[in-house]
Amino acid sequence: KQEVTQIPAALSVPEGENLVLNCSFTDSAIYNLQWFRQDPGKGLTSLLLIQSSQREQTSGRLNASLDKSSGRSTLYIAASQPGDSATYLCATNSGYALNFGKGTSLLVTP
Amino acid sequence: KAGVTQTPRYLIKTRGQQVTLSCSPISGHRSVSWYQQTPGQGLQFLFEYFSETQRNKGNFPGRFSGRQFSNSRSEMNVSTLELGDSALYLCASSLGSGGSSYNEQFFGPGTRLTVL
């Protein structure tokens, strides 16, 4: 059974800092990995999809990497802004369902 | 292109009642998946429908059921509600069924169900 872990569970940084969120998973047999953002009480917004054959994907200030062999993915956020405050979730796609981590709650202070 | 829509957004029910939630996927998407989100368990997979057929099912009791219509819209039903069913129910749509590296899932805003 796929286990997805996200560290840290919570993070507070001052505006302008670059930061890294970590995601690890136990089963490397995945089709892809998605990073999502969730604002309080809201649905999930897809940020990046990394296919199993890819090493990284970029979208604006976001860069996600994937190392299947070590079961790790990182989400890099450059020049953080208060509007980036949210919970960030990673999810692996095993073909059956998305397996989610518990998320990292990010607070960016002005 | 319109995103995934879910109705209603909020529901309050009492124990023992039943409830039906609705999800309209992105136009052209044929797969709809349902997830339950609670503070303690996080996001858990309920089931996936593709072309009106249930493809996969998570580890939930038979009180949880669903269906998909020919226009890809999906409904989820929970019968004999329990206090523990209080949660945010999210649906996700994608072009194809799960087993593809290209398969990106897009989520709706969710239905917040409170069981009293």
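As a reminder, the structure under discussion sits directly above these lines.
Remember, predicted model here, so these are calculated numbers, not experimental data.

(A) Layout of the overall build of chain A. Within chain A, the secondary structure is distributed over zero helices and eleven strands. Its helices and strands in sequence order give chain A the pattern β-β-β-β-β-β-β-β-β-β-β, from N to C terminus. Here the C-alpha coordinates of chain A stretch approximately 40 × 25 × 20 Å along the principal axes. Per-residue burial over chain A gives 44% buried out of 110 residues. Contacts in chain A between residues at least 24 apart in sequence constitute 53% of all its contacts with a sequence separation of at least 6.

(B) Expanded view of the environment of Lys1(B). Residues and elements named next belong to chain B. Along the polypeptide, Lys1 turns up in the segment before strand E1 (5-7). Separated by 29 residues in sequence, Lys1 and Arg30 place their C-alpha atoms 15 Å apart. Excluding residues within four positions of it along the chain, Lys1 makes contact with Ile26 and Ser27.

(C) Region of interest: unusual backbone geometry. With an omega of 0 degrees, the peptide bond running from Ile7(A) to Pro8(A) counts as cis. In this fold, Pro8(A) is placed in the loop between strand E1 (4-7) and strand E2 (10-14). For Glu52(B), which is not a glycine, the phi torsion comes out positive at approximately 70 degrees. Unusually for a residue other than glycine, Ser72(B) sits at a positive phi of about 75 degrees. Tracing the chain through its elements places Ser72(B) in the loop between strand E7 (64-68) and strand E8 (74-78).

About the cut-offs
- Residues numbered from 1 in each chain as written.
- Chains lettered and ligands numbered in written order.
- Predicted model: local features only at pLDDT ≥ 70, side-chain atom pairs only at ≥ 80, totals over all residues.
- Heavy atoms only, no water.
- Helix = DSSP H or I, 4+ residues; strand = E, 2+ residues; numbered from the N terminus.
- Buried < 20%, exposed > 50% of the residue type's maximum accessible area, 1.4 Å probe, protein only.
- Contact = heavy atoms within 4.5 Å.

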